[in-house]
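# Descriptive analysis of the structure
Chain residues, written in single-letter form:
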Amino acid sequence: MYRTRAEQEIQSLIEKKNLSGIGMTSQRTRERLLGRLMDQGIDCMAVLDVIRSTPRHIFLDEALSHRAYEDVALPIGHNQTISQPYVVARMTEALFKSGSLDRVLEIGTGCGYQTAVISRLAGRVFTVERIKPLLDRAKKNLRLLKCRNVEFKHDDGSLGWSERGPYDAIITTAAPQHIPRELLGQLADGGRLIIPVGGDAGQELKLITREGDELHEQTLEMVRFVPLLSGQLQH
Ligand code: SAH
């Protein structure tokens, strides 16, 4: 059978990452994670279903993949982490429950786990990452999962992505000290921005809603994300 280079690459990734054959243990561990999310107050079935059907182990290096269904953030290299499932569920749920997800901007793609989750519930997702090798890895992961409604950009995401806006929802998965003005400026009327704000000691997860010229701010809970840094890295 003839296969293109891209298809061959995906096939070898599927085999390497064991996407097709997930063992019973793993299935049980995944159900346990779902129970934990529900215990912590995640009650949106659409979000829980997407978390259930998104294989988190493919986003991790093999050495860590056995911990993929623990409710913790884990290292992905370059001093960055894959987000904790509870936080991914919480942020996704807050955006899903509060309005349209037709056009979504994500800042901080990382390995693409949050991107994959939100892409299943959104019309189109635009995602920006400042570290090139992570963005490339995310592209491969999302191709593997057939998330075809995602566009990627290698850039400093604190500037947003104005050419593709305005957005119904903006999700930022790295924490600035102050909310970047550019992101607020790219919210559609009725649009929501969810963003952790603060320093290393911990941050407040904020949900900001634009209504006409007014912005309404809510603080959801304390979280801990890596910092939002300026500039971009090629390596
Ligand atoms: N969304 C990821 C979390 C990745 S951690 C997940 O689902 O697991 C946060 C990511 O934000 C890191 O990859 C980091 O490189 C990126 N980041 C930090 N500052 C950024 C900026 N100014 N623009 C774009 N990405 C940024």
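Cut-off values and rules
Residues numbered from 1 in each chain as written. Predicted model: local features only at pLDDT ≥ 70, side-chain atom pairs only at ≥ 80, totals over all residues. Heavy atoms only, no water. Helix = DSSP H or I, 4+ residues; strand = E, 2+ residues; numbered from the N terminus. Contact = heavy atoms within 4.5 Å. Near = heavy atom within 4 Å. Polar contact = N/O pair within 3.5 Å; in protein donor to acceptor, adjacent residues only side chain to side chain. 1 Å grid on protein atoms, 1.4 Å probe; cavity = no way out; pocket = protein on both sides within 12 Å on 5 of 7 lines; lining within 4 Å. Sits in = over half its atoms within 2 Å of the grid points. Nonpolar A, V, L, I, M, F, W, Y, C, P; charged D, E, K, R; others polar. Buried < 20%, exposed > 50% of the residue type's maximum accessible area, 1.4 Å probe, protein only. Arc of directions from axis to C-beta. Pairing = 2+ DSSP bridges. Points joined across faces, edges and corners; volume = space filled by probe spheres on them. Phe/Tyr/Trp six-rings, centres within 6.5 Å; stacked < 30°, edge-to-face > 60°. Right-handed = clockwise from strand over helix to strand, strands pointing away.

### Quick look at the side chain of Ser119
Looking at where Ser119 falls in the secondary structure, it is placed in helix α5 (residues 113-119). Excluding residues that lie within four positions of it along the chain, Ser119 makes contacts with Val125, Cys147, Asn149 and Val150.

### Some points on unusual backbone geometry
What is expected of a backbone is that most residues other than glycine have negative phi and most peptide bonds are trans. Residue Pro166 follows Gly165 across a cis peptide bond; omega there is 0°. Relative to the helices and strands, Pro166 is located in the loop between β5 (150-154) and β6 (167-172). The backbone of Asn79 shows a phi angle near 65°, a positive value even though the residue is not glycine. Inspection of the secondary structure assignment puts Asn79 in the loop between β1 (74-77) and β2 (80-82).

### Considerations on the site of the ligand
Around the ligand sit 25 residues in total, of which Ser83, Gln114, Glu129, Gly157 and Leu229 are the nearest. One nitrogen or oxygen atom from the main chain of Gly108 is found 2.9 Å from a nitrogen atom belonging to the ligand. The cavity that encloses the ligand is the largest pocket. Looking at the shell around the ligand, the elements with two or more residues in it are β2, α5 and β4 (124-129). Broken down by element, the residue count for the shell around the ligand peaks at three residues, all from β2. Residues belonging to the shell around the ligand are distributed by class as follows: ten nonpolar, ten polar and five charged.

### Description of helix α3 (residues 45-53)
Here α3 has its buried residues at Val47, Leu48, Val50 and Ile51. End-on, the buried residues of α3 take up no more than an arc of 160°, which puts them together on one face.

### Some words on the pairing of β1
Relative to β2, β1 runs antiparallel, the two being bridged by three bridges. Across the sheet, Gly77 pairs through a bridge with Gln80, a residue of β2. Connecting the antiparallel pair β1 and β2 is a turn made up of two residues, with His78 showing a positive phi of about 55°.

### Structural notes on the layout of surface pockets
Space left empty within the atom packing is revealed by a probe, the size of a water molecule, rolled over the atoms. Here the largest pocket is characterised by a volume of approximately 580 Å³. Lining the largest pocket are 37 residues, with Gln80, Thr81, Thr173, Ala174 and Val226 positioned closest to its centre. Of all the secondary-structure elements, those providing two or more residues to the lining of the largest pocket are β2, α4 (85-97), β3 (103-107), α5, β4 and β9 (214-223). Across the lining of the largest pocket, the residue classes tally to 18 nonpolar, twelve polar and seven charged.

### A closer look at the side chain of Thr173
Its place among the elements puts Thr173 in the loop between β6 and α7 (181-185). In this structure the side chain of Thr173 is engaged in a polar contact, spanning 2.7 Å, whose partner is the backbone oxygen of Gly108. Every residue in contact with Thr173, bar those within four places of it in the chain, is listed here: Glu106, Ile107, Gly108, Gln114 and Phe225.

### Describing the packing of aromatic side chains
On inspection of all chains with the given rule, the structure shows three aromatic pairs. Between Phe59 and Tyr113, the aromatic rings sit 5.5 Å apart at their centres with planes inclined by 70°, giving edge-to-face as the arrangement. Of this pair, Phe59 sits in the loop between α3 and β1 while Tyr113 sits in helix α5; the two residues are 54 residues apart in sequence, bridging distant segments of the chain. The residues Phe59 and Tyr113 share a single accessibility class, namely buried. Measuring from centroid to centroid gives 5.7 Å for Phe126 and Trp161, while their planes differ by 85°, and the two rings are edge-to-face. One end of the pair, Phe126, is in strand β4; the other, Trp161, is in the loop between β5 and β6, and 35 residues separate them in sequence.

### Observations regarding the pairing of β4
Within β4, five of the six residues are buried, which leaves the element mostly enclosed by the surrounding structure. By the bridge criterion, five bridges tie β3 to β4 in an arrangement that is parallel. Counted as the bridge partner of Val104 is Val125 from β4. For the crossover from β3 across α5 to β4, the handedness is right-handed.

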